[in-house]
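Summary of the model geometry
One letter stands for each residue in the lines below.
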Amino acid sequence: AFTISIVTFSVTVSLAQVFAREFDYSINSSQEFIAYGAMNLVGAFFSSFTAAGSLSRSTIQANSGGKTQLVSLVSSGIILIVLVGLSFLFEPLPKSVLASIIWVALYGMFKQTKDVWKYFKLSVWDMSVWLVVFISTVLLGVDLGLAVGIGCSLFFIILRTILPYSSVLGQAKDTEIYRNMENFEEVQHIPGVLIYRFQAPLCFVNGKVFRTRLELVSNLNKEGMNKREPGCIEQLVNKEL
């Protein structure tokens, strides 16, 4: 039951986020979690199946122009009528004909696979996680693939904390805009000022990396990094001596 609930929630929320981006609205994952929990809790008293979002049916309804929850009620009524009174008409049809209906509805989503290389250019880390999860789901199943995905995501989060992206920023001419000097030729170095960006919380696991990279970009040696001004007490002791 725990595996079913995790897989159901993950698939349903992911599907909701896809349509939220397509139709320009936002969803609240916590609210979705409460709604599905309450719905399945009530259904458990009537021996109903676990409720979840359907990728194929949701895509068909979206492509048909459906906008509200009333679409699900209408489509459920039509399906009930077909199952009760018109099922004999679909019995002689081969499964390939019925599968083609789903394929046409999902064609737009399958077409998005050509954008994989574009997303690789945007973020190698995120696309690496996506590839691992995709291959694991195909080979091991949805439940194990989801577990591998969670573990892989945690691993990459830790790795990105230990070895984060860093850069030296320059100022765009006559503006207050600062960009990476390696990616933007228009920005200029500010004389006497070094702006170094370290895209991770500074903690004990990446402190050494931060110091090493800062030495490289600022041309400071270890002696210069360790050199400091004497404190107030040290100044008083030095005067007395």
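It should be noted that the structure appears before, not after, this text.
Here's a quick rundown of the structure.

Another aspect to go through is a nonpolar patch on the surface. On the surface, a nonpolar cluster with roughly 940 Å² of combined accessible area is contributed by Ile 60, Ile 81, Leu 86, Phe 88, Leu 89, Phe 90, Leu 93, Val 97, Leu 98, Ile 101 and Ile 102. Secondary-structure elements contributing two or more residues to the nonpolar patch are helix H4 (70–90) and helix H5 (95–111). Tallying contributions element by element places H4 first for the nonpolar patch, with 5 residues. Within the element layout of this structure, Leu 89 appears in helix H4.

On the secondary structure map, Ser 136 appears in helix H7 (residues 124–140). Ser 136 gets classed as buried once you look at its relative accessible area, which sits at 11%. Apart from the residues within four sequence positions on either side, Ser 136 is in contact with Gly 141, Gly 145 and Val 148.

Further remarks concern unusual backbone geometry. One non-glycine residue, Asp 24, lies in positive phi territory at about 60°. Tracing the sequence through the fold places Asp 24 in the loop between helix H1 (2–23) and helix H2 (29–44). For Ser 47, which is not glycine, the phi torsion reads 55° and is therefore positive. Counting through the fold element by element, Ser 47 comes out in the loop between H2 and helix H3 (55–63). Taking the relative accessible area as the measure of exposure, Ser 47 reaches 71% and is therefore exposed.

A few words now on the pattern of salt bridges. Two side chains with opposite charge may pair up if their charged atoms get near one another. Evaluated as defined, the whole model comprises 2 salt bridges. Asp 126 serves as the salt-bridge partner of Arg 160, at 3.4 Å between the closest nitrogen and oxygen. Of this pair, Arg 160 sits in helix H8 (residues 142–162) while Asp 126 is found in helix H7, placing the two residues 34 residues apart along the sequence. Here Arg 160 falls in the partly exposed class, since its relative accessible area comes to 37%. Taking the shortest distance from any N to any O, the salt bridge between Glu 215 and Arg 211 comes out at 3.4 Å. Here the residue Glu 215 and the residue Arg 211 both occupy positions in helix H9 (residues 207–218), the gap between them amounting to 4 residues, near one helical turn. Overall, the relative accessible area of 16% leaves Glu 215 in the buried class.

Below, the discussion takes up the sheet that holds strand S1 (residues 166–171). Reading across the sheet, the 3 strands line up as S2-S1-S3 and stay open at both edges, with antiparallel pairing between neighbours. The sheet is open, and its two borders are formed by strand S2 (178–180) and strand S3 (195–198), each paired with just one other strand. The average undirected angle you get between the axes of adjacent strands in this sheet is 40°. Relative to S2, S1 runs antiparallel, the two being bridged by 3 bridges. Each bridged residue has a counterpart across the sheet, and for Gln 171 the counterpart in S2 is Tyr 178. Seen against the sheet, H9 touches S1 and S3 and runs at an angle of roughly 150° to S3.

Let's shift gears to H4. Given a rise of 1.5 Å per residue, 21 residues ought to cover 30 Å, yet the end C-alpha atoms of H4 are separated by just 26 Å, more than 12% below that figure. Bending of H4 peaks at approximately 65° at the position of Val 84.

Attention now moves to H8. One turn of the α-helix equals 3.6 residues, which is why residues spaced by three or four share an orientation. Relative to the 30 Å expected for 21 residues at 1.5 Å per residue, H8 spans 30 Å between its end C-alpha atoms, a close match to the ideal helical length. Residues of H8 that are buried in the fold lie against H7.

All chains considered together, the criterion is met by 7 aromatic pairs. Look at Trp 130 and Phe 134: their rings are 5.3 Å apart centre to centre, the planes differ by 5°, and that puts the pair in the stacked class. Pair noted here: Trp 130 and Phe 134 are both in helix H7, with a separation of 4 residues, about one helical turn. Seen in terms of ring centroids, Phe 198 and Phe 210 are 5.1 Å apart; in terms of plane orientation they differ by 80°. Their pairing is edge-to-face. Taken together, the residues Phe 198 in strand S3 and Phe 210 in helix H9 connect sequence positions 12 residues apart. Joined through ring pairs, the aromatic side chains of Tyr 196, Phe 198 and Phe 210 make up one cluster.

Rules used in this analysis
- Residues numbered from 1 in each chain as written.
- Predicted model: local features only at pLDDT ≥ 70, side-chain atom pairs only at ≥ 80, totals over all residues.
- Heavy atoms only, no water.
- Patch = residues over 30% accessible without salt bridge, like charges linked within 9 Å, V, L, I, M, F, W, Y side chains within 5 Å.
- Areas by Shrake-Rupley, 256 points an atom, 1.4 Å probe, with all protein chains shown as cover.
- Salt bridge = Lys/Arg side-chain N within 4 Å of Asp/Glu carboxyl O.
- Helix = DSSP H or I, 4+ residues; strand = E, 2+ residues; numbered from the N terminus.
- Buried < 20%, exposed > 50% of the residue type's maximum accessible area, 1.4 Å probe, protein only.
- Contact = heavy atoms within 4.5 Å.
- Pairing = 2+ DSSP bridges.
- Axes fitted to C-alpha atoms, helices over the stretch in contact; angles between N-to-C directions.
- Expected span 1.5 Å × (residues − 1).
- Bend = angle between axes of the 7 residues up to and from the residue.
- Phe/Tyr/Trp six-rings, centres within 6.5 Å; stacked < 30°, edge-to-face > 60°.

None of this, on its own, says anything about what the molecule does.
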